[in-house]
Amino acid sequence: MSTRTIQHSIEYAAVRGALAAAGALPITAAQRVGAAAGTLAFDVFRLRRAVSVDNIAQALGVSHAEAVRIARRAYRNLGRSLLEFSAFARITRAEMRDLVACEGREHLHGALEGGRGVVFVTGHHGNWELMGALLAAYGFPTDFLVGQQTNRRVDEVMNDIRRRQGVGLITRSVALRKVLQALKDNRVVALLADQDARNQGIMVDFLGRPASTVRGPALFAIRRGCPMVTGFIHRDGTRHRAVINPPLHPPDLPEEEAVRYLTQAHADALAAHIRAYPDEYFWPHRRWKTKSL
């Protein structure tokens, strides 16, 4: 057995054990434990602390001290979110609807009436894993476009929890074909669109700086001729609140201009939500790593 295989087996056992232990906790207890873990990650282990603080200071124009305060709270949010995720396997759809209030569902209903599907764009904010489960809990036929972990067994554990909430999964390796088919079937295809896209993205403004952003959401909407809907989630005490925005429609422009228009639009929607709730964003990511294309 190779060293890599042994490492993956240890990771798999650790993830399964942690999720099982956390899943046995009541939600409020899981949130407290997760917040404590987030504090440890920020103040003791200092995982990507400098990256997070620098991102916040530059994106929000705040002092270093304020950036540290926001970052610490953001790490606590991330810890809470990870522990909450473990409870998904045992939460019913009714309990999910009780856990997360949802504003703007009428926008998604209206967008689906066109019969061409909906591209649903969200970001790494709040407990973003709840968003797909919430849409499914309200009866929207939902597929989530997911990345693949290096450790495939860990990946499968996480995907199994998502499936138990009624969320269909599309992996990036078959994204184009499966996404277009899901839209043809008038389904909601949900995806996260706020990570650095390197030299394959398109540069748009994000929180005041150029950021390489994935083209996929805009291209899917344009080529299918379907609306794009943005939606985000944030904490409301021990519960959550999701907000679904009115649909965006592909403009009658050359494809590259239309891609830029829709990509800037969903980046702006996320930026506005981050400014309202800055301590719930995933700041450790090197979002502005790509400087030019």
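Structure first, text after, so check above.
In this text the structure is predicted, and so the values were computed from the model without any measurement. (Residues numbered from 1 in each chain as written. Predicted model: local features only at pLDDT ≥ 70, side-chain atom pairs only at ≥ 80, totals over all residues. Heavy atoms only, no water.)

*Asks:* Please clarify how the packing of aromatic side chains should be interpreted in this entry.
*Replies:* The relation between two aromatic rings is expressed through the spacing of the ring centres and the mutual angle of the planes. Summed over the entire model, instances satisfying the criterion amount to five aromatic pairs. Here the aromatic rings of Trp-128 and Phe-282 are separated by 6.0 Å at their centres, their planes lie at 75 degrees, and the arrangement is edge-to-face. Here the residue Trp-128 occupies a position in the loop between β2 (118–122) and α7 (129–137), and Phe-282 occupies one in the segment after α11 (255–276), the gap between them amounting to 154 residues. We classify Phe-282 as partly exposed; its relative accessible area is 24%. For the pair Tyr-281 and Trp-283, a centre-to-centre distance of 5.0 Å together with 85 degrees between the ring planes defines the contact as edge-to-face. You'll find Tyr-281 and Trp-283 in the same group, each marked buried. In textbook terms, an aromatic cluster arises when at least three aromatic residues are bridged by ring pairs, as seen for Phe-206, Tyr-281, Trp-283 and Trp-288. A cation over an aromatic ring shows up here: Arg-209 above the ring of Trp-288, its NZ or CZ 4.1 Å from the ring centre. Across from the ring centre of Phe-206, 5.2 Å away, lies the NZ or CZ of Arg-287, which sits over that ring. (Phe/Tyr/Trp six-rings, centres within 6.5 Å; stacked < 30°, edge-to-face > 60°. Helix = DSSP H or I, 4+ residues; strand = E, 2+ residues; numbered from the N terminus. Buried < 20%, exposed > 50% of the residue type's maximum accessible area, 1.4 Å probe, protein only. Lys NZ or Arg CZ within 6 Å of the ring centre and 35° of its normal.)

*Asks:* I tried to follow the pairing of strand β5 (residues 188–192) on my own but got confused; where do I start?
*Replies:* Note on strand geometry: in a regular strand, side chains alternate between the two faces of the sheet. Counting buried positions along β5 gives five out of five residues, so the element sits mostly inside the fold. The alternating pattern of β5 places Val-188, Ala-190 and Leu-192 on one face and Val-189 and Leu-191 on the opposite face, and all of these are buried. As paired elements, β2 and β5 share five bridges and run parallel to each other. Within the sheet, the bridge partner assigned to Val-121 lies in β5 and is Leu-191. As defined by bridge partners, strand β3 (residues 142–146) adjoins β5 across three bridges and the pair is classed as parallel. Directly across from Phe-144, in β5, lies its bridge partner Ala-190. (Pairing = 2+ DSSP bridges.)

*Asks:* Where do I start with the sheet that holds β2 in this structure?
*Replies:* The strands that make up a sheet pair up through hydrogen bonds in the backbone, lying either parallel or antiparallel. Spatially, seven strands are ordered β1-β9-β8-β2-β5-β3-β4 in an open sheet, and the strand pairing comes out mixed. Pairing within the sheet leaves two strands with one partner each, and these edge strands are β1 (100–103) and β4 (168–171). The sheet shows a mean angle of 25 degrees between the axes of neighbouring strands, direction not considered. When strand β8 (residues 228–236) meets strand β9 (residues 239–244), the two strands line up antiparallel, connected through six bridges. Counted as the bridge partner of Asp-236 is Arg-239 from β9. Along the sheet, helix α6 (residues 105–112) makes contact with β1, β2, β5, β8 and β9, crossing β2 at roughly 150 degrees. (Axes fitted to C-alpha atoms, helices over the stretch in contact; angles between N-to-C directions. Contact = heavy atoms within 4.5 Å.)

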